[in-house]
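Structural features, examined
Chain by chain, the residues:
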Amino acid sequence: MLELTGIAKRFGGVQALAGIDYAVSAGRVHSVIGPNGAGKTTLFNVITGVYRPSEGTVKLHGEVVSGRSPDQLARRGVARTFQNLQICHHMNALENVMVGAHLRLSQRLLPALLHLPGLRRADGGCREEAMELMRFVGVHEYALRLAEALPYGVLKRLEIARALALKPRLLFLDEPAAGLNPTEKGAMRELIRSIAQSGVTVVLVEHDMKLVMGVSDHVLVLDYGRKLAEGTAEEVRANPAVIAAYLGAGAAGATLQ
Ligand SMILES: Nc1ncnc2c1ncn2[C@@H]1O[C@H](COP(=O)(O)OP(=O)(O)OP(=O)(O)O)[C@@H](O)[C@H]1O
Ligand SMILES: [Mg+2]
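Basis of the calculations
- Residues numbered from 1 in each chain as written.
- Chains lettered and ligands numbered in written order.
- Predicted model: local features only at pLDDT ≥ 70, side-chain atom pairs only at ≥ 80, totals over all residues.
- Helix = DSSP H or I, 4+ residues; strand = E, 2+ residues; numbered from the N terminus.
- Buried ≥ 20, exposed ≤ 12 C-beta atoms within 10 Å, placed from the backbone.
- Contact = placed C-beta atoms within 7 Å.
- Pairing = 2+ DSSP bridges.
- Axes fitted to C-alpha atoms, helices over the stretch in contact; angles between N-to-C directions.
- Right-handed = clockwise from strand over helix to strand, strands pointing away.
- Core = buried A, V, L, I, M, F, W, Y, C linked by C-beta atoms within 7 Å.
- Domains from an automatic or database assignment.
- Near = placed C-beta within 6 Å.
- Nonpolar A, V, L, I, M, F, W, Y, C, P; charged D, E, K, R; others polar.

**A few points about the overall build of the protein**
The secondary structure content of the protein amounts to 11 helices and 10 strands. A burial count over the protein gives 40% of its 257 residues as buried. Contacts in the protein between residues at least 24 apart in sequence constitute 64% of all its contacts with a sequence separation of at least 6.

Structure (structure tokens):
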């Protein structure tokens, strides 16, 4: 579905990614893990068109898409959430999700989105679709509340609903469980499973190993912008290089939970 070859990304003297080869297969849950600054978000930014890679190519269904803009990628079925929430705080929750649906339905509607009255006149089908997605992610009871008044855990789910409104085939989640309590993390794991079961291929960046190990068919481990390991959750968890990167060299015999 997605194939990266020799991806490098430099920011001045910082080599955020160095020669990454990576493939994402349809219908599976993939995770990208690694210590802070390993290049995980940069990898998402390169794949979703936020950054152009310094080297290498990204192919989506065989088509080279590196250098395409985020909206061009969205039209090809690629959606994402952000490590730092990107929510319109002055809109209510439902309107935030409708933004995603409108982006899919028509680029020409974009000016209308910037005016709340325009958005309120938007067609009922779009509104109903957004409500349905809010039900799916479990935040429908907050539909008419201003986003700025909502708890963090609700906003994390709201962002996922907005991304799903693009009707993606490939969904990137950057730290969906960060800042959530244990109960919310368990619910996030179930939500990710439901999304995958609905036919969307999911790639997540996540620090919570319990979540990663619980949902992933495939795990890619980055360290200092390089691929340290990849494989099934079991393979990666048992990999001494991965354990050392997480727990420090000399952590022989330690285990990743
Ligand atoms: N826009 C940018 N300009 C300059 N340097 C950047 C930029 N974006 C990322 N970097 C640098 O690239 C490296 C990788 O950053 P990245 O955000 O991809 O890491 P990460 O694995 O997502 O980390 P975290 O787990 O903390 O979110 C870091 O050294 C970071 O400072
Ligand atoms: Mg990050």
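Next comes the rest of the account.
**A word on unusual backbone geometry**
Trans is the common state for peptide bonds, and a negative phi is the common state for residues other than glycine. Notably, histidine 61 is not glycine yet its phi reads approximately 50°, a positive angle. Residue position: histidine 61 is located in the loop between β4 (55–60) and β5 (63–64). One non-glycine residue, tyrosine 224, lies in positive phi territory at about 50°.

**Thoughts on the sheet that holds strand β8 (residues 201–205)**
Across the sheet, which stays open at both edges, the six strands sit in the order β6-β7-β8-β3-β9-β10 with mixed pairing between neighbours. Single-partner strands in this sheet number two, and they are β6 (78–80) and β10 (226–231). The sheet shows a mean angle of 20° between the axes of neighbouring strands, taken without regard to direction. Contacts from helix α1 (residues 40–47) reach β3 (29–33), β6, β7 (170–174), β8 and β9 (218–223) within the one sheet, and its direction differs from that of β7 by about 150°.

**Overview of the pairing of β8**
β8 sits mainly inside the fold: five of its five residues count as buried. Neither face of β8 is open: one carries Thr201, Val203 and Val205, the other Val202 and Leu204, and all of them are buried. Here β7 runs beside β8; their pairing, made up of five bridges, is parallel. Directly across from leucine 170, in β8, lies its bridge partner threonine 201. Once you follow β7 into helix α8 (residues 182–197) and on to β8, the crossover reads as right-handed.

**A closer look at the environment of threonine 201**
Checked against the element boundaries, threonine 201 lands in strand β8. As for threonine 201 and leucine 170, which are separated by 31 residues in sequence, their C-alpha atoms are 4.8 Å apart. Among all residues touching threonine 201, those that are not within four sequence positions of it are Met1, Val24, Ala26, Gly27, Arg28, Arg169 and Leu170.

**Looking at α1**
When you tally the buried positions in α1, you get seven out of eight residues, the bulk of the element. When α1 is considered as a whole, its buried residues turn out to be Lys40, Thr42, Leu43, Phe44, Asn45, Val46 and Ile47. Looking one or two places after α1, you find glycine 49, whose phi comes out positive at around 85°.

**Overview of the nonpolar core**
Of all hydrophobic cores here, the largest spans 69 residues; its most connected members are Ala93, Val97, Met134, Ala161, Leu171, Val202 and Val221. Looking at this core element by element, the count peaks at seven residues for helix α7 (residues 152–164). When we break this core down by domain, the ones giving at least three residues each are domain 1 (1–77 + 170–177 + 202–257) and domain 2 (84–167).

**Observations concerning the site of ligand 1**
For ligand 1, the full set of nearby residues is Phe11, Val14, Ala16, Gly34, Asn36, Gly37, Ala38, Gly39, Lys40, Thr41, Thr42 and Gln83. At the level of elements, β2 (14–24) and α1 are the ones that each hand at least two residues to the shell around ligand 1. For the shell around ligand 1, the element with the highest residue contribution is α1, accounting for three residues. Looking at side-chain class alone, the shell around ligand 1 contains four nonpolar, seven polar and one charged residues.

**Observations regarding the environment of arginine 189**
Mapping arginine 189 onto the fold places it in helix α8. Taking the C-beta count within 10 Å as the criterion, arginine 189 has 18 such neighbours and is therefore assigned partly exposed. On a C-alpha basis, the gap between arginine 189 and leucine 211 in space is 6.2 Å, while along the polypeptide they are 22 residues apart. For arginine 189, the residues in contact, after removing those within four places along its chain, are Leu211, Gly214 and Val215.

**Digging into the sheet that holds strand β1 (residues 2–11)**
Remark on secondary structure: sheet strands pair via backbone hydrogen bonds, oriented parallel or antiparallel. Spatial strand order, β2-β1-β4-β5: four strands in an open sheet with antiparallel pairing. Edge strands, defined here as strands with exactly one partner in the open sheet, are β2 and β5. Summarising the sheet, β1 and β2 pair through seven bridges and their orientation is antiparallel. Its bridge partner lying in β2, isoleucine 7 is registered against isoleucine 20.

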